[in-house]
Every structure is written in structure tokens, then in C-alpha cells.
Amino acid sequence: MFGAKPKMQAETRPITPLLTVDVIIGQGDDIYLIKRRNPPLGWALPGGFVDQGESAEDAARREVKEETGLDVMLHYMLGVYSQPDRDPRFHTATVVYIARATGVPKAGDDAETISQFSIEHLPEELCFDHAQILSDYHWFLASGTMPKPR
């Protein structure tokens, strides 16, 4: 009725995309990006995988703390991005949050460095689908409305 049955692993669990989170840490037009230490290399939003038994919101706060040293308060969910090719390593689906931060930024964990950028002047080498995510964030800032799902 609702489509094909999901593929099953040996343990009879469905094979589904891995769940990740990404966090836009913004103050108006300025946002923080990390330069990734591991492939795929380039600039990215802070974020990572949701651990078993962890909520997406807790994963977002944990990943930001690990990669930037900042504490964040999540304010909005920009959307869920799930194109099968968004991560060149495997299929992931990410929940993207918009947050405000406190603390002193310091790169850690998977981040080689952390820098602040204007939404108008982003680096060219953005990883994953983060150019699309940041375009949607720019739309949100300009319009005050969330982007429509694709």
C-alpha cells in the first residue's frame, strides 16, 4: 500500500540511511564553519552522526561542543536533507538546526580549524550538500520563512 518493503539486514533490521545532524551557528549573516580534518576534506557545518540511544537534539549539542568548543542553544530546525548522494561515503539523512552559541571557539575532534564567515562570502570548497543548506538558511534570513521541501 505504501511502497516496497525495506531491505533487511541479517538481524532483520531495515537498511536505512544513517542519521546525522548539522548545526548552523549564526549571529545574523555570520556563521561558523569547520575545516574538516578527515575526508571528505573542505569546509562544513559542525555536525556528525547521531549515536544509538541519543536524540538528534542531544547529538547536535554534543557534536558542536566536540568540534568547536562552543555550547549551543538550538532555536529552529531548518529542515531534513536526505538526497542519497549528499555524502560521498554513504547514504545519510541530516537534521539541520539553527543555533546560537556561547563560549570561545576552539577546533577539536574532526575539525582542523574553525572560522567565522559571512553568509554572503562563503568558501568555495563546501562539503556534502552544505552549499544548498546555507542557501536555504540565507532564504530563511531574508524571508523569515522556512524553505519548502524539495
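Each chain carries its own residue numbering, running from 1 in the written order of its sequence. Only residues with pLDDT of at least 70 get local features here, since the model is predicted, and only at 80 or more are side-chain atom pairs given and counted; chain-wide, interface and lining totals rely on the full set of residues. Note that water and hydrogens are dropped before the side-chain values are worked out from all heavy atoms of the structure.

A short note on the environment of Asp22
Note on placement: Asp22 falls in strand 1 (residues 18-27). Whether two residues are in contact is decided by their heavy atoms, any of which lying within 4.5 Å being enough. Residues in contact with Asp22, not counting those within four places in the same chain, are Leu45, Pro46, Gly47, Arg86, Thr94, Val95, Val96, Tyr97 and His130. At 3.5 Å, the side chain of Asp22 forms a polar contact with the side chain of His130. Only DSSP runs of H or I covering at least 4 residues are called helices, and only runs of E covering at least 2 are called strands; the numbering of each starts at the N terminus. As used in this structure description, the phrase polar contact means that two N or O atoms lie within 3.5 Å; if the pair is within protein, one of them must be able to donate a hydrogen and the other to accept it, and residues adjacent in sequence are counted only when both atoms belong to side chains.

Re helix 1 (residues 56-68)
Residues that lie three or four places apart on an α-helix share one face, since the helix turns once every 3.6 residues. One fewer than the residue count of a helix, multiplied by 1.5 Å, yields its expected span. Relative to the 18 Å expected for 13 residues at 1.5 Å per residue, helix 1 spans 18 Å between its end C-alpha atoms, a close match to the ideal helical length. Buried, partly exposed and exposed residues are distinguished by accessible area as a fraction of the type maximum, computed with a 1.4 Å probe on protein chains only: under 20%, between the cut-offs, and over 50%, respectively. What helix 1 keeps buried is the set Ala56, Ala59, Ala60, Glu63, Val64, Glu67 and Thr68. In an axial view of helix 1, the angular spread of the buried residues amounts to 130°, which keeps them on one side of the axis. Buried-residue contacts for helix 1 involve strand 1, strand 2 (30-36), strand 4 (47-49), strand 5 (71-81), strand 6 (92-102) and strand 7 (111-118). In this description, the arc belongs to the directions extending from the helix axis to the C-beta atoms.

Quick look at the packing of aromatic side chains
Pairs of aromatic rings are described using the distance from one ring centre to the other and the angle between the two planes. For Phe, Tyr and Trp, where Trp contributes only its six-membered ring, two rings pair if their centres lie within 6.5 Å, and the inter-plane angle classes them as stacked under 30 degrees, edge-to-face over 60, or tilted in between. Tallied over the entire structure, the rule returns four aromatic pairs. On the basis of an interplanar angle of 80° and a centroid distance of 5.0 Å, the ring pair of Trp43 and Phe117 is categorised as edge-to-face. Separated by 74 residues along the polypeptide, Trp43 in strand 3 (residues 43-44) and Phe117 in strand 7 bring together distant segments of the chain. Side by side, Trp43 and Phe117 carry an identical accessibility label, which is buried.

Thoughts on the environment of Pro149
For Pro149, the location among the structural elements is in the segment after helix 2 (130-143). Owing to a relative accessible area of 80%, Pro149 belongs among the exposed residues under this scheme. With 70 residues separating them in the primary sequence, Pro149 and Gly79 have C-alpha atoms 7.8 Å apart.

Some words on the pattern of salt bridges
Should a side-chain nitrogen of Lys or Arg be within 4 Å of a carboxyl oxygen of Asp or Glu, the pair is scored as a salt bridge. Inspection of the entire model under this criterion finds nine salt bridges. Arg86 is the partner of Asp22 in a salt bridge, and the nearest nitrogen-oxygen pair spans 3.5 Å. Within this pair, whereas Asp22 is found in strand 1, its partner Arg86 is found in the loop between strand 5 and strand 6, the two being separated by 64 residues in sequence. The burial state of Asp22 is the same as that of Arg86; both residues are buried. Connected via shared salt-bridge partners are Asp51, Glu54, Arg62, Glu63 and Glu66.

Overview of the side chain of Arg86
Among the residues examined, Arg86 registers a relative accessible area of 5% and is labelled buried. There is a polar contact of 2.8 Å between the side chain of Arg86 and the side chain of Asp129.

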